[in-house]
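Secondary and tertiary structure notes
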Amino acid sequence: MIVRISGEDQYRLPDGDGRLNELDNAVLAAVQSGEEGRFRLAYDNLLAFVRANGTPVADDDLETSDLILPPPDLSLAEASSEFTGEGLIPD
Amino acid sequence: MPGLTGRMSTVVKAKVSKLLDKAEDPAETLDYSYQKQVEQLQNVKKGIADVVTAKKRLQMQESTLQQQVVKLDTQARQALSGGQEDLARTALERKNVVQTELQSLDTQVHELEEQQQKLTDSEQKLRAKIEAFRTKKEVIKAQYSAAEAQVKISEAATGVGEQMADVGLAMQRAVDKTENMKARADAVGELEAAGTFDDITQLGSGEDDIDRQLKQLSSNSAVEGDLAKLKGELNMPTQPAGAGGSAGELGAASDDAEASDGAGTQGSAEQDASNAPAEGGQG
């Protein structure tokens, strides 16, 4: 599967790796807890996993991503608005 | 995926499919998409230029502030040599405020440099994808029937569309950051308007409103430390003052003392512009 880290790169990761899902859910739980430190740690873990286990996709490759991660400098407030407001990308 | 990534992916995909819902004829869609992509690339270039402009503006302010530090230091020296310790203290307090502002500007310039680098990287990726799309669209036009072409087009175009949405987001974030920088630049402007950069030797020894505010703002122990150090350099008896300030700055500043003549001329020009608000503050 292809995962994009917004503002950074697309990575090709092995399909069906449950760890990605676990890390993503940990981020969601951290957002709901409203604790900045916990969110930072959880999101950095998710990003680190993708960078460490993925192979960067070539710049001229036109494939679309299966998953898109928000920018690495995402704040807790922005993460919260992803779920409640119109999100990072307004219409 | 139910988490953060799932939400983000859905939003981006919805945005990309909106971009593609414009034309019905495959060949027309291809050319339309490509034209839009090239336009978007131009916008990105313009966005980068805006960030560079904002950075230059802050760098110019930095150099103004650096001149002020040298000038205020020289004035403190002159005041102390002339036995006007109060005036020397005022100069050092102002120097302290300017130095704090300088540090903060430095951080902002750094951030803008990072933004510039990120946008430049994004632009290169988008350019590569658009170029790949251009090649692919000619292949699709030549080799596929209308029905097949429709599928191939949307595959290729969503790849570019996703990159465009991503660079759009990066630009938006850069613009937000640049807005913050403008607020910072305005804060420096306010310092000028408040008379912080005025030639203090023209103030006399009387304490005005700005002085009192500055005393609250600046760290007294640092100022007293600077004052004690200056006295040491001028071979004057030092009174037991507060904790020592940071070492090494004054020596470096005195080497640059000649540069402060130029800064002085500039300072008086700024002073004229800033008189009105400064007087308003005293009333």
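Residues numbered from 1 in each chain as written. Chains lettered and ligands numbered in written order. Predicted model: local features only at pLDDT ≥ 70, side-chain atom pairs only at ≥ 80, totals over all residues. Heavy atoms only, no water.

All right, on to the overall build of chain B then. What chain B contains, in helices and strands, is eight helices and zero strands. Reading chain B from its N end, one meets helices and strands in the order α-α-α-α-α-α-α-α. Within chain B, buried positions represent 43% of all 283 residues. Taking the contacts inside chain B whose residues are at least 6 apart along the sequence as the reference set, 84% of them involve residues at least 24 apart. Surface summary for chain B: the accessible area is close to 14,100 Å², and the carbon and sulfur share equals 50%. (Helix = DSSP H or I, 4+ residues; strand = E, 2+ residues; numbered from the N terminus. Buried < 20%, exposed > 50% of the residue type's maximum accessible area, 1.4 Å probe, protein only. Contact = heavy atoms within 4.5 Å. Areas by Shrake-Rupley, 256 points an atom, 1.4 Å probe, with all protein chains shown as cover.)

On to the interface of chain B and chain A. Counting from both sides, the interface comprises 33 residues of chain B and, opposite them, 40 residues of chain A. Between chain B and chain A lies a buried interface of about 3,200 Å² when both sides are counted; carbon and sulfur atoms form 57% of it. Here chain B and chain A share six salt bridges between them. Notably, a salt bridge pairs Lys125 of chain B with Asp9 of chain A, separated by 3.4 Å at the nearest N-O pair. Across the contact surface, chain B and chain A share 13 residue pairs in polar contact (both at pLDDT 80 or more). When contributions to the side of chain B that touches chain A are tallied by element, the ones reaching two or more residues are helix H1 (4-20), helix H3 (85-143) and helix H4 (146-193) of chain B. Residue classes in the side of chain B that touches chain A are distributed as twelve nonpolar, eight polar and 13 charged. (Buried area = accessible area lost by both parts, 1.4 Å probe. Salt bridge = Lys/Arg side-chain N within 4 Å of Asp/Glu carboxyl O. Polar contact = N/O pair within 3.5 Å; in protein donor to acceptor, adjacent residues only side chain to side chain. Nonpolar A, V, L, I, M, F, W, Y, C, P; charged D, E, K, R; others polar.)

This part is about the nonpolar core. For soluble globular proteins, the rule of thumb is that nonpolar side chains tend to be buried together. The biggest cluster of nonpolar side chains holds 33 residues, and the ones touching the most others in it are Leu62 of chain A together with Val44, Leu119, Leu126, Phe133 and Val160 of chain B. The set of elements that each furnish at least two residues to this core consists of helix H2 (26-81), H3 and H4 of chain B. Contacts of Val160 of chain B, omitting those with residues within four sequence positions, involve Leu62 of chain A together with Gln37, Leu126, Lys129, Ile130 and Phe133 of chain B. Formed by 21 residues, the second largest nonpolar core is a distinct cluster that contains Ile5, Leu20, Leu23 and Leu46 of chain A. (Core = buried A, V, L, I, M, F, W, Y, C linked by side-chain atoms within 4.5 Å.)

What the rule picks out here adds up to two cavities of 30 Å³ or more. Taken as a whole, the largest cavity holds about 50 Å³ of empty space. Lining the largest cavity we find Arg4, Asp9, Gln10, Val57, Ala58 and Asp59 of chain A together with Lys125, Lys129 and Gln163 of chain B. Where the lining of the largest cavity is concerned, the elements lending two or more residues are strand S2 (9-12) of chain A together with H3 of chain B. Here the residues of the lining of the largest cavity sort into two nonpolar, two polar and five charged. Approximately 40 Å³ is the volume found for the second largest cavity. Secondary-structure elements contributing two or more residues to the lining of the second largest cavity are H1 and H4 of chain B. Looking at which element gives the most residues to the lining of the second largest cavity, the answer is H4 of chain B, with four residues. (1 Å grid on protein atoms, 1.4 Å probe; cavity = no way out; pocket = protein on both sides within 12 Å on 5 of 7 lines; lining within 4 Å. Points joined across faces, edges and corners; volume = space filled by probe spheres on them.)

Turning our eyes to something else, we now look at the packing of aromatic side chains. All names here are of chain A. Tallied over the entire structure, the rule returns one aromatic pair over all chains. Considering the side-chain rings of Phe39 and Tyr43, the 5.9 Å spacing of their centres and the 5° angle between planes classify their relative orientation as stacked. Of this pair, Phe39 and Tyr43 both sit in helix H2 (residues 36-53), four residues apart, which is roughly one turn of that helix. Accessibility expressed as a relative area gives 0% for Phe39, which makes it buried. Assessed through its relative accessible area of 0%, Tyr43 is described here as buried. (Phe/Tyr/Trp six-rings, centres within 6.5 Å; stacked < 30°, edge-to-face > 60°.)

Here the focus is the packing of helix H1 (residues 18-33) of chain A against H2 of chain A. Residues and elements named next belong to chain A. Direction vectors running N to C along H1 and H2 enclose 160°, while the axes themselves pass 8 Å from each other. Between H1 and H2, the crossing angle belongs to the class labelled roughly antiparallel. Here H1 runs over H2; the crossing is left-handed. Counted together, Arg19, Leu20, Leu23, Asp24, Ala26, Val27, Ala29, Ala30, Val31 and Ser33 of H1 and Arg38, Phe39, Ala42, Tyr43, Asn45, Leu46, Phe49, Val50 and Asn53 of H2 form the full contact between these two elements. The class makeup of the residues in the contact of H1 with H2 is 13 nonpolar, three polar and three charged. (Axes fitted to C-alpha atoms, helices over the stretch in contact; angles between N-to-C directions. Parallel < 35°, antiparallel > 145°, perpendicular 65-115°, else oblique. Left-handed = near helix turned anticlockwise from the far one by under 90°.)

It is worth spelling out the confidence of the model for chain A at this point. Looking at chain A, the pLDDT average stands at 86 and 90% of residues meet or exceed 70. Averaged pLDDT values over the elements of chain A bottom out at 77 in helix H3 (residues 76-84) of chain A and peak at 95 in strand S3 (residues 55-56) of chain A. (pLDDT = per-residue confidence, 0-100.)

Time to look at the sheet that holds strand S1 (residues 2-5) of chain A. Think of a sheet as strands paired side by side through backbone hydrogen bonds, with each pair either parallel or antiparallel. All names here are of chain A. Taken together, the four strands give an open sheet; going across it, the order is S3-S2-S1-S4, and neighbouring strands pair in mixed fashion. The sheet is open, and its two edges are formed by S3 and strand S4 (67-69), each paired on a single side. Note that S1 and S4 share three bridges and pair parallel. Paired with Val3 across the strands is Leu67, a residue of S4. (Pairing = 2+ DSSP bridges.)

On to the environment of Lys129 of chain B, then. Relative to the elements of secondary structure, Lys129 of chain B occurs in helix H3. Considered as a pair, Lys129 of chain B and Gly161 of chain B are 32 residues apart in the sequence and their alpha carbons are 9.5 Å apart. In contact with Lys129 of chain B, not counting residues within four places along its chain, are Arg4, Gln10, Ala58, Asp59, Asp61 and Leu62 of chain A together with Gly159, Val160 and Gln163 of chain B. At a separation of 3.3 Å, a polar atom in the side chain of Lys129 of chain B contacts the side chain of Gln10 of chain A.

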